[in-house]
Each structure stands twice: as C-alpha cells, then as structure tokens.
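The chain contents come next:
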Amino acid sequence: QNGKLLYSLEGHKDPVTSMTFSADGQTLASTSRGFWTNAIVKLWNTQTGQSLRTLELRAQSDVMLSPDSRTLAYASEGVVKLLDIQTGQVIQSFEGHKASISSVAFSPDGQKLASASEDGDVRLWNTQTDQLIYSFQGYPNQVVSLAFSPDGQKLAAATKDGNVGLWDTQTGQLLRFLEGHSS
C-alpha cells in the first residue's frame, strides 16, 4: 500500500531466473540456476519472509507452483514432471515433446497443465487423468512463455519472435494469432 519493502529474501547463490506465487499469495517459489548446476527452488512464506523449503531439481524450464500450493511443475530431460512439495517426490510425468521444453503453466483450477517446447509444440494435459488433451501445432518459432486466462478457458503462448497465439482450451481451436511485438 505504501511501496515499502516487506522482506529481502536472501539465500540463492546463483541468479534467480523465475518466480511464482501460490494462488492465495501466501507462498512464493523462487528458482535460481547456475550455468552447469541444477535448479535450486526456494519456497518462502510471504507473510514472514521465512524460507519454508529448498529443493534441488534438474529443471530445464521455469518452475510453476500449482494453485493449491502442493505441487511444482517443471521440465527435465524432455519430460514434464509434477513434484509433491512435502515429500520431494515426482508424482506425475507427462511425455511426448520431441524438443527441449521451455515453459510450463497450470490452469487456475489446477486441472490442466500446459507445456511448450523449443520446436513450437504446445501441449495441454489433464492433471487428473495424465492424458494429453490437445497438442497445439503451427508455431514456426520457439514458444517461450505460457499463460492461462483467469477462467482457464484460454491459453496464450508467446513465441521467441514476439507473436502470441490465443487458444481455446475447451475446443483446441486457435482463436487469434496476435502479432506486433518487436525486439
């Protein structure tokens, strides 16, 4: 409300490359990665600034926190993985990408997970059944970022060349291809 710094969250040795809040805003997951090192994920209590847990992962993508704050999604060696935060164990895996996975995102209800790879392949998975729902094809460039709309009905996929595809998650149809970002 007043722009005052609440906490300085210290503890990463390498640059922080991504962050994600829990849906309730109570937890922050920060990820750092060195050149030849595994990703270090730190979970923080945003009310106290205390570190809750530190995890070391072989993550190649950003790490995303599920809406219920129980699971982390990330990609490792061409496989999307869901990790139980409490046990530190992988509880689900999603395979099918042919290139390195660059981004993952949970739908707001946590029922779906999107993943994108460097060859432009975007996939939508059902986290309850482990099944592939859709594979969105047609990107000529690497997809670097994914985002769901607040209602989970749309998925935006941004490419390295500055374009964004907007997909309907219920039908798998491309709604719009937004061009206009330039470097």
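Right above here is the structure, for reference.
Reference entry: report on the structure contained in this document. In this text, all values refer to a predicted model and were calculated from it rather than measured experimentally.

Pairing is antiparallel in the open sheet, where four strands are placed in the order β9-β10-β11-β12. Of all strands in the sheet, those bounded by a partner on one side alone are β9 (101–106) and β12 (132–136). Ignoring which end each strand starts from, the neighbouring axes of this sheet average 15° apart. In the sheet, strand β11 (residues 122–126) pairs with β12 via four bridges, with the strands oriented antiparallel. Residue V122 lies in a different strand from β12, and its bridge partner there is F136.

All right, on to the packing of aromatic side chains then. Scanning all chains against the criterion turns up three aromatic pairs. Put simply, the rings of Y134, F136 and W167 pair up and form one aromatic cluster.

Turning our attention to the nonpolar core. One broad trend across soluble globular proteins is that nonpolar side chains are buried collectively. By size, the foremost hydrophobic cluster in this structure holds 13 residues, and its most contacted members are V41, L57, A59, V63, L72, Y74 and L83. Those elements that provide at least two residues to this core are β3 (39–45), β4 (51–57) and β6 (71–76). Broken down by element, the residue count for this core peaks at three residues, all from β3. Excluding residues within four positions of it along the chain, L83 makes contact with L55, L57, R70, T71, L72, Y74, G88, Q89 and V90. Counting 12 residues, the second-largest nonpolar core is a separate cluster that includes A114, L124, V143 and A157.

Moving on, we come to the layout of surface pockets. Empty space among the atoms becomes visible once a probe the size of a water molecule is rolled across them. Reported here for the largest pocket is a volume of approximately 250 Å³. Surrounding the largest pocket, 20 residues form its lining, T20, M64, L65, A105 and F106 being those nearest its centre. Grouping the constituent residues of the lining of the largest pocket by class yields 12 nonpolar, seven polar and one charged.

Parameters and conventions
- Residues numbered from 1 in each chain as written.
- Predicted model: local features only at pLDDT ≥ 70, side-chain atom pairs only at ≥ 80, totals over all residues.
- Heavy atoms only, no water.
- Pairing = 2+ DSSP bridges.
- Helix = DSSP H or I, 4+ residues; strand = E, 2+ residues; numbered from the N terminus.
- Axes fitted to C-alpha atoms, helices over the stretch in contact; angles between N-to-C directions.
- Phe/Tyr/Trp six-rings, centres within 6.5 Å; stacked < 30°, edge-to-face > 60°.
- Core = buried A, V, L, I, M, F, W, Y, C linked by side-chain atoms within 4.5 Å.
- Buried < 20%, exposed > 50% of the residue type's maximum accessible area, 1.4 Å probe, protein only.
- Contact = heavy atoms within 4.5 Å.
- 1 Å grid on protein atoms, 1.4 Å probe; cavity = no way out; pocket = protein on both sides within 12 Å on 5 of 7 lines; lining within 4 Å.
- Points joined across faces, edges and corners; volume = space filled by probe spheres on them.
- Nonpolar A, V, L, I, M, F, W, Y, C, P; charged D, E, K, R; others polar.

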